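As a plain string of letters, each chain reads:
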Amino acid sequence: MKESMKKYVHFATWFVIFSTVFSSLASADRTDQWTDQATEIDFQERVRQTAPQPKIIEEIRRSEVLERAYAALNYVFLYREENAASWEIKNLCSPESGNYWLRPIRLNEQIDKRVRAIPYKWGGYFIDLDFFTEGVRQGRLVGDVCTCRAEKYNYCLIPRAIGLDCSGFVSYAWKTSYHVTSALHEISQEIPWEELKSGDALNKAGSHVRLFVSFADHGKKKVNIIESSLTCEGVCENTFSVKELKQSGYVPLRYVNIRD
């Protein structure tokens, strides 16, 4: 009986650990939201200190926005041991104990292999792919799926890691400085769903943002998007129904400097 109880406790312990990790991976672009805009803006300013921001904001054509988005989606890099682990930083998401970095699961067992698509990195942003390329070469950690929204933990930001989060991806595609979901209204305007064009965005302020690619059907009931998501742990393509997105609170936005 005692032996059975030990096995049960062992199983229960690992189940809790697995559930906690799975929850942290799946929640940020689904249920986790910023509690207030001021906190999210503070997070934005801290992220902007970790990567160069564009000095001049220029007009950009829709074709270039898509070109940049697909470049991040199709980017291939050699994932090396120094990009996967560090003796200074634990592979553990436990803000209470001061551990803020967690390797994307999709990168496990990928050392010395070529990996496609820029990995997800909480608070991750850059203005061009050269920044990521150089970071990999320098041995920086690639990706980070440890997310938190508490200022006391410095929002779980790990400057040594590189990649793109959802806001970082759209900001990169638009070739603008890093803007969190609650600040995208500063550089964009809301448009009707039926007027969406490639390069526009679908934004849920305080939660998640996706880049619109095209309508998936003639009735404009489904959309094809590219996003950097915790669900796929990096830049990926997806299709969603407009009804589903509307019910979730997404709003179509058009970057003010985008041109046909």
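Now for a look at the structure at hand. (Residues numbered from 1 in each chain as written. Predicted model: local features only at pLDDT ≥ 70, side-chain atom pairs only at ≥ 80, totals over all residues. Heavy atoms only, no water.)

### Overview of the sheet that holds strand 10 (residues 208-215)
Pairing is antiparallel in the open sheet, where six strands are placed in the order 8-13-9-10-11-12. Each having just a single partner strand, strand 8 (188-190) and strand 12 (234-241) make up the two edges of the open sheet. Mean inter-strand twist for the sheet, computed between neighbouring axes without regard to direction, equals 35°. One ladder, built from three bridges, connects strand 8 with strand 13 (residues 251-255); its direction is antiparallel. Along strand 13, the bridge assignment pairs E190 with L253. Sitting on the sheet, helix 3 (residues 62-74) touches strand 10, strand 11 (222-229), strand 12 and strand 13, and the angle it makes with strand 12 is about 120°. (Pairing = 2+ DSSP bridges. Helix = DSSP H or I, 4+ residues; strand = E, 2+ residues; numbered from the N terminus. Axes fitted to C-alpha atoms, helices over the stretch in contact; angles between N-to-C directions. Contact = heavy atoms within 4.5 Å.)

### Let's talk about helix 5 (residues 129-137)
All of the buried residues in helix 5 are L129, F132, G135 and V136. Along the axis of helix 5, the buried positions cluster into a sector of 120°, meaning they face one direction only. Of the exposed residues in helix 5, those oriented more than 90 degrees away from the buried face are D130 and R137. Check the buried side of helix 5 and you find it contacts helix 3, strand 2 (76-79), helix 4 (81-84), strand 6 (141-142), strand 7 (161-162) and helix 6 (166-174). A distance of 3.1 Å separates the backbone nitrogen of D130 from a side-chain oxygen at the start of helix 5, and that oxygen is part of D128. Following helix 5 by one or two positions, G139 has its phi on the positive side, about 90°. (Buried < 20%, exposed > 50% of the residue type's maximum accessible area, 1.4 Å probe, protein only. Arc of directions from axis to C-beta. Polar contact = N/O pair within 3.5 Å; in protein donor to acceptor, adjacent residues only side chain to side chain.)

### Some points on the nonpolar core
In terms of nonpolar packing, the biggest core is built from 37 residues, with I118, F132, F169 and W174 touching the most fellow members. Put simply, the parts of the chain that give this core at least two residues each are helix 3, strand 2, helix 5, helix 6, strand 10 and strand 13. Here the element with the most residues in this core is helix 6; it accounts for six residues. When sequence neighbours within four positions are dropped, the list of residues in contact with W174 reads I60, V65, L184, I187, S188, G199, D200, A201, L211 and Y255. Counting 26 residues, the second-largest nonpolar core is a separate cluster that includes A51, I89, C148 and I158. (Core = buried A, V, L, I, M, F, W, Y, C linked by side-chain atoms within 4.5 Å.)

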